[in-house]
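Topology and contacts: notes
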Amino acid sequence: MENEFLNLIRTRRSCRKYKTEQVDDRLLEEVLKAGTYAPTGHGSQAPYIVAVQNSGQRAALSRMNAEVMGVTSDPYYGAPTIILVFAPSDYANAFQDGSCVLENMMLAAHAVGLASCWINREHQMFATEEGKSLMRQWGLPDGLMGIGALSLGYAAAEPREPKPRKEDYYRIIR
């Protein structure tokens, strides 16, 4: 079946090498808005989205994430924009809703010609005093936890071909 949206899903790939050029403001807005249309439990709209383009804060986020991972490389792959997703730590659907927000934004990024990669470890990063201090600087309410992030920018290389899908990936029970 040919369908523009299904093709978008099938052709989106994670990007691990970005151009230094900053993301166009209009495209960033579209990606962020797409995140706000993700489904949330009971329509709560509980997650918060923060886009970081400040070079000093991007460097701090990279260092914090690398420390959690135990590496010295940049876990955000040099992307000019990092998008973070948070949710209340006492919210039962925090990870589910935050994951939907991240997926919406990845698909939107691909749709508007941007590249992205889902990044983890924000849960650990923002449980630290440094992470909590950043959240306060950004005007976020207390009691949030990091869910995940996206590296976002213009791809510096063509994406790889997708791996073949495994034969028994899904089942239909009738």
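In this text, all values refer to a predicted model and were calculated from it rather than measured experimentally. (Residues numbered from 1 in each chain as written. Predicted model: local features only at pLDDT ≥ 70, side-chain atom pairs only at ≥ 80, totals over all residues. Heavy atoms only, no water.)

The UniProt record marks residues 9-154 with the feature "domain: Nitroreductase" (unreviewed entry), using the residue numbering of this structure. The span residues 9-154 is 42% helical and 19% strand by assignment, and the distance between its end C-alpha atoms comes to 18 Å. (UniProt positions renumbered as here; feature names shortened; annotations may be inferred. Helix = DSSP H or I, 4+ residues; strand = E, 2+ residues; numbered from the N terminus.)

This part covers the pattern of salt bridges. Counted by the stated rule, this structure contains four salt bridges. Two residues, Asp-24 and Arg-26, come together in a salt bridge whose shortest N-O distance is 3.6 Å. The exposed category is assigned to Arg-26, whose relative accessible area is 65%. The salt bridge partner of Glu-67 is Arg-63, with a shortest N-O separation of 3.4 Å. In this pair, Glu-67 and Arg-63 both sit in helix α3 (residues 55-69), four residues apart, roughly one turn of the helix. (Salt bridge = Lys/Arg side-chain N within 4 Å of Asp/Glu carboxyl O. Buried < 20%, exposed > 50% of the residue type's maximum accessible area, 1.4 Å probe, protein only.)

Between helix α1 (residues 4-11) and helix α4 (residues 94-111), the least distance of the axes is 10 Å, while the angle of their chain directions is 100°. Put simply, α1 runs roughly perpendicular to α4. Of the residues in α4, those in contact with Phe-5, Leu-8, Ile-9 and Thr-11 of α1 are Leu-107, His-110 and Ala-111. Along the lines of polarity and charge, the residues of the contact of α1 with α4 split into five nonpolar, two polar and no charged. (Axes fitted to C-alpha atoms, helices over the stretch in contact; angles between N-to-C directions. Parallel < 35°, antiparallel > 145°, perpendicular 65-115°, else oblique. Contact = heavy atoms within 4.5 Å. Nonpolar A, V, L, I, M, F, W, Y, C, P; charged D, E, K, R; others polar.)

Another point: the pairing of strand β2 (residues 81-88). Look at any regular strand and the pattern is simple: side chains alternate between the two faces of the sheet. Where burial is concerned, most of β2 is hidden: eight out of the eight residues are buried. Of the pairings in the sheet, the one linking β2 to strand β4 (residues 144-153) comprises eight bridges and is antiparallel in character. Note that in β4 the partner of Ile-83 across the bridge is Leu-150. (Pairing = 2+ DSSP bridges.)

Our next topic: the sheet that holds strand β1 (residues 48-52). Taken in spatial order, the four strands line up as β1-β2-β4-β3 in an open sheet, and their pairing is antiparallel. Two strands close off the open sheet at either side, each with one partner strand: β1 and β3 (115-119). Within the sheet, the average angular offset between the axes of one strand and its neighbour, ignoring direction, is 25°. Contacts from helix α2 (residues 25-36) reach β1, β2 and β4 within the one sheet, and its direction differs from that of β1 by about 160°. Against the sheet, α3 contacts β1, β2 and β3, and its axis sits at roughly 65° relative to β2.

The subject of this paragraph is the pairing of β4. The buried fraction of β4 is high, at ten of ten residues. Sheet analysis places β3 next to β4, joined by five bridges and oriented antiparallel. Residue pairing in the sheet places Cys-117 in a bridge with Ser-151 of β4.

Its identity is not glycine, yet His-42 carries a phi of approximately 60°, on the positive side. At Tyr-77, a position not held by glycine, the phi torsion is positive, near 60°. Considering the arrangement of structural elements, one finds Tyr-77 in the loop between α3 and β2. Exposure remark for Tyr-77: the relative accessible area of 31% places this residue in the partly exposed category.

Let's shift gears to the environment of Ala-156. Secondary-structure assignment places Ala-156 in the segment after β4. Classification of Ala-156 as partly exposed rests on a relative accessible area of 38%. When the C-alpha positions of Ala-156 and Ala-115 are compared, they lie 9.2 Å apart, and in sequence the two are 41 residues distant. The residues contacting Ala-156, other than those within four sequence positions of it, are Lys-17, Tyr-18 and Lys-19.

The subject of this paragraph is the packing of aromatic side chains. This model, assessed by the stated rule, comprises three aromatic pairs. Between Phe-86 and Phe-126 the ring centres are 4.8 Å apart and the planes differ by 80°, which places this aromatic pair in the edge-to-face class. Pair noted here: Phe-86 is in strand β2 and Phe-126 is in the loop between α5 (122-125) and α6 (129-137), with a separation of 40 residues, a long-range link. Each member of the pair Phe-86 and Phe-126 is classed as buried. Three or more aromatic residues joined by ring pairs make a cluster, and in this case those are Phe-86, Phe-126 and Trp-138. (Phe/Tyr/Trp six-rings, centres within 6.5 Å; stacked < 30°, edge-to-face > 60°.)

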